[in-house]
Amino acid sequence: QKEVEQDPGPLSVPEGAIVSLNCTYSNSAFQYFMWYRQYSRKGPELLMYTYSSGNKEDGRFTAQVDKSSKYISLFIRDSQPSDSATYLCAMSHGGSQGNLIFGKGTKLSVKP
Amino acid sequence: SQTIHQWPATLVQPVGSPLSLECTVEGTSNPNLYWYRQAAGRGLQLLFYSVGIGQISSEVPQNLSASRPQDRQFILSSKKLLLSDSGFYLCAWSVGTSGRNNEQFFGPGTRLTVL
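These remarks concern the structure in this document. (Residues numbered from 1 in each chain as written. Chains lettered and ligands numbered in written order. Predicted model: local features only at pLDDT ≥ 70, side-chain atom pairs only at ≥ 80, totals over all residues. Heavy atoms only, no water.)

Let us look at the state of the cysteines. All names here are of chain A. Tallying each qualifying case throughout the model produces two disulfides over all chains. Disulfide pairing is shown between cysteine 23 and cysteine 89; the S-S distance is 2.0 Å. Judged by the sign of its S-S torsion, about -100 degrees, the bond between cysteine 23 and cysteine 89 is left-handed. Residue cysteine 23 is found in strand S3 (residues 19-25), and its partner cysteine 89 is found in strand S9 (residues 85-92); the two are separated by 66 residues along the sequence. (Disulfide = S-S within 2.5 Å. Helix = DSSP H or I, 4+ residues; strand = E, 2+ residues; numbered from the N terminus.)

Counting from both sides, the interface comprises 22 residues of chain A and, opposite them, 23 residues of chain B. When chain A packs against chain B, the two sides together hide about 1800 Å² of surface, and 52% of this comes from carbon and sulfur. At the junction of chain A with chain B, the criterion picks out zero salt bridges. The set of elements that each furnish at least two residues to the side of chain A that touches chain B consists of strand S4 (32-38), strand S5 (45-51) and S9 of chain A. For the side of chain A that touches chain B, the leading source of residues is S4(A), giving four residues. (Contact = heavy atoms within 4.5 Å. Buried area = accessible area lost by both parts, 1.4 Å probe. Salt bridge = Lys/Arg side-chain N within 4 Å of Asp/Glu carboxyl O.)

Residue and element names in this part refer to chain A. Here we have five strands laid out as an open sheet, ordered S1-S3-S8-S7-S6, and antiparallel in their pairing. This sheet does not close on itself; its edge strands, each paired only once, are strand S1 (4-6) and strand S6 (54-58). Averaged over all pairs of adjacent strands, the angle between strand axes in this sheet comes to 15 degrees, irrespective of strand direction. Here S6 runs beside strand S7 (residues 61-66); their pairing, made up of five bridges, is antiparallel. From the neighbouring strand, aspartate 58 faces S7, where its bridge partner is phenylalanine 61. (Pairing = 2+ DSSP bridges. Axes fitted to C-alpha atoms, helices over the stretch in contact; angles between N-to-C directions.)

Formed by 24 residues in total, the largest nonpolar core has its most connected members in Trp35(A), Ile72(A), Leu74(A), Tyr87(A) and Met91(A). Put simply, the parts of the chain that give this core at least two residues each are S3, S4, S5, S7, strand S8 (71-76), S9 and strand S11 (106-111) of chain A. Discounting chain neighbours no more than four positions away, the residues touching Tyr87(A) are Gln6(A), Leu21(A), Tyr36(A), Arg37(A), Leu47(A), Leu74(A), Ile76(A), Gly105(A), Thr106(A) and Leu108(A). Of all hydrophobic cores here, the second largest spans 20 residues; its members include Leu47(B), Phe48(B), Leu76(B) and Cys91(B). (Core = buried A, V, L, I, M, F, W, Y, C linked by side-chain atoms within 4.5 Å. Buried < 20%, exposed > 50% of the residue type's maximum accessible area, 1.4 Å probe, protein only.)

What follows deals with the environment of Lys79(B). Residue and element names in this part refer to chain B. Relative to the assigned elements, lysine 79 resides in the loop between strand S8 (73-78) and strand S9 (87-94). Through-space distance from the C-alpha of lysine 79 to that of phenylalanine 105 is 28 Å; in sequence the pair is 26 residues apart. When neighbours within four sequence positions are excluded, lysine 79 is seen to be in contact with Gly16, Ser17, Pro18 and Asn63.

In this structure the tally under the stated criterion is 13 aromatic pairs over all chains. Judged by centre distance (5.4 Å) and plane angle (45 degrees), the ring pair of Tyr25(A) and Phe33(A) falls under tilted. Phe33(A) shares its class with Tyr25(A); the two are buried. One aromatic cluster is present, built from ring pairs that chain together Tyr36(A), Phe102(A), Tyr34(B), Tyr36(B), Tyr49(B) and Phe106(B). One residue, Arg111(B), lies across the ring of Phe88(B), its end atom 4.4 Å from the ring centre. (Phe/Tyr/Trp six-rings, centres within 6.5 Å; stacked < 30°, edge-to-face > 60°. Lys NZ or Arg CZ within 6 Å of the ring centre and 35° of its normal.)

Inspection of the entire model under this criterion finds five salt bridges over all chains. For the salt bridge of Glu57(A) with Arg77(A), the shortest nitrogen-to-oxygen distance reads 3.4 Å. In this pair, Glu57(A) sits in strand S6 while Arg77(A) sits in the loop between S8 and S9, placing the two residues 20 residues apart along the sequence. Among the residues examined, Arg77(A) registers a relative accessible area of 30% and is labelled partly exposed. The closest approach of N and O atoms between Asp71(B) and Arg68(B), which form a salt bridge, is 3.3 Å. You can call Arg68(B) buried: its relative accessible area is 2%.

The structure is reproduced here in structure tokens:
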């Protein structure tokens, strides 16, 4: 079983839809969870950061962590064509040797 | 504010030729630095990371090497490129690895094609 699993998509939705992106993981020691957005041919940019369980909201974006299920989600409300990108989840246990473990990314396309 | 630069942006090289990719970070001191490769369908593969000048950890055995000659400079090299070295190479930095310091910030990337 891979440490982090992420459905690669592609996911295509109409403009204005609510998008749900998900990752599952196997290492119960993970405590720090991030979502990155990567536009085509660009470097990933940090979108959301969450520590431990719970929700975090930033504008149209909500990050959710369920440590009991080892499941994290990113919700995008009122999706826009500019949200079309690949979304990568990343996580770490936060220790001194805790490098980030990335999912493979989900490619999202929002159609106008 | 912190910025991270990579060059070149794109590179086309013949098999067997040498490689040198450079990454520099501005606006921070003693960052952790990382080299990743991103190939289609394979996600981000961590190649090297460095916690200080001259300190390099290799994650994947291959014909690539990394060096950190200055605090905010990270170089990825190869003596002889293989076809399988083609990909999108990303440099990243973080404050550290503990707790939230592990947030990584990426450069614009170098797209390498080996022919």
